[in-house]
Amino acid sequence: MRGLIALAVALGSALAACTPALDWRESRPDGSQAQLMFPCKPASHERRVVIAGQTTPMSMFACSAGETVYALSFADVKEPARVGAALDELARSAQSNLQSSTGAVSQAANVVGMTPHPQSVQWRLAGRLPDGRGVQERVVLFSHGTRVYQATMLGAKLDAAAEDSFFGALRVGP
């Protein structure tokens, strides 16, 4: 999991110089069953991660606009009984990645089309990246069937209007 966040930050830094700021476009990342708006053209990456006790392919679509990284990650855990553990693990990973010194603020996630699950939550985090830079992060964790999703905005200071556009357009389902 830490590798995916590091990959998103590195990818975002590499793309920042060549991506126009907040050029919103609808995206339907391949294999995700999700629809959302990105403010830049997302690049895709896949890697195998251990989640809920099994090695699983996880896909990430991410881009950077301004100083903010926007990402959607997802994996199919194949068994309904593993969804809760996977969501819990994604939440713990998001919190630990930022070396957060302040308590995380969470509330229930509400994504159109998601499968209701008690571990579907959204977090607002503040902390530091491994290089010491201070960052804010908003993470929404949810599921659709046996797929688990993590939608993330990560930056020095998150823009409320951009958050509304990115997370407000998020939908999942056929």
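Please refer to the structure placed before this passage.
Going along each chain's sequence as written, the residues are numbered from 1 onward. Local features in this predicted model are restricted to residues of pLDDT 70 or higher, and side-chain atom pairs are both shown and tallied only at a pLDDT of 80 or more, whereas totals for entire chains, interfaces and linings draw on every residue. Based on all heavy atoms of the structure, the side-chain values leave hydrogens and waters out of the count.

**Digging into unusual backbone geometry**
Phase 1 of the analysis: Unusually for a residue other than glycine, Q33 sits at a positive phi of about 60 degrees.
Phase 2 of the analysis: Only DSSP runs of H or I reaching four residues or more are called helices, and only runs of E reaching two or more are called strands; each is numbered from the N terminus. The residue Q33 is located in the loop between β1 (25-27) and β2 (34-38) in this model.
Phase 3 of the analysis: Owing to a relative accessible area of 35%, Q33 belongs among the partly exposed residues under this scheme.
Phase 4 of the analysis: Of note in this structure, K78 is not a glycine but carries a positive phi near 70 degrees.
Phase 5 of the analysis: The topology assignment puts K78 in the loop between β5 (68-76) and α2 (83-97).
Phase 6 of the analysis: Exposed residues in this analysis have more than 50% of their type's maximum accessible area, buried residues have under 20%, and partly exposed residues fall in between, with area computed by a 1.4 Å probe over protein chains only. Judged by relative accessible area, K78 falls into the exposed class, the value being 62%.

**Some words on the environment of L170**
Phase 1 of the analysis: Note that L170 resides in the loop between α3 (160-168) and β10 (171-172).
Phase 2 of the analysis: The contact rule is simple, with two residues in contact once any of their heavy atoms fall within 4.5 Å. Not counting residues up to four positions away in its chain, the partners in contact with L170 are Q35, L36, V111, V112, F142 and A151.

**Topic: the pairing of strand β8 (residues 134-144)**
Phase 1 of the analysis: Counting buried positions over the eleven residues of β8 gives nine, a clear majority of the element.
Phase 2 of the analysis: What makes two strands pair is DSSP finding at least two bridges between them. Strand direction decides the pairing type here: strand β7 (residues 121-128) and β8, joined by eight bridges, are antiparallel. Note on β8: the bridge partner recorded for W123 is V139.
Phase 3 of the analysis: Here β7 folds back onto β8 in antiparallel fashion, the turn holding five residues, of which G132 has a positive phi close to 95 degrees.
Phase 4 of the analysis: Sheet topology places β8 next to strand β9 (residues 147-155); nine bridges connect them, and they run antiparallel. Within β9, the position partnered with F142 by the bridge is Y149.
Phase 5 of the analysis: The hairpin formed by β8 and β9 contains two residues between the paired strands, and G145 there has a positive phi angle of roughly 65 degrees.

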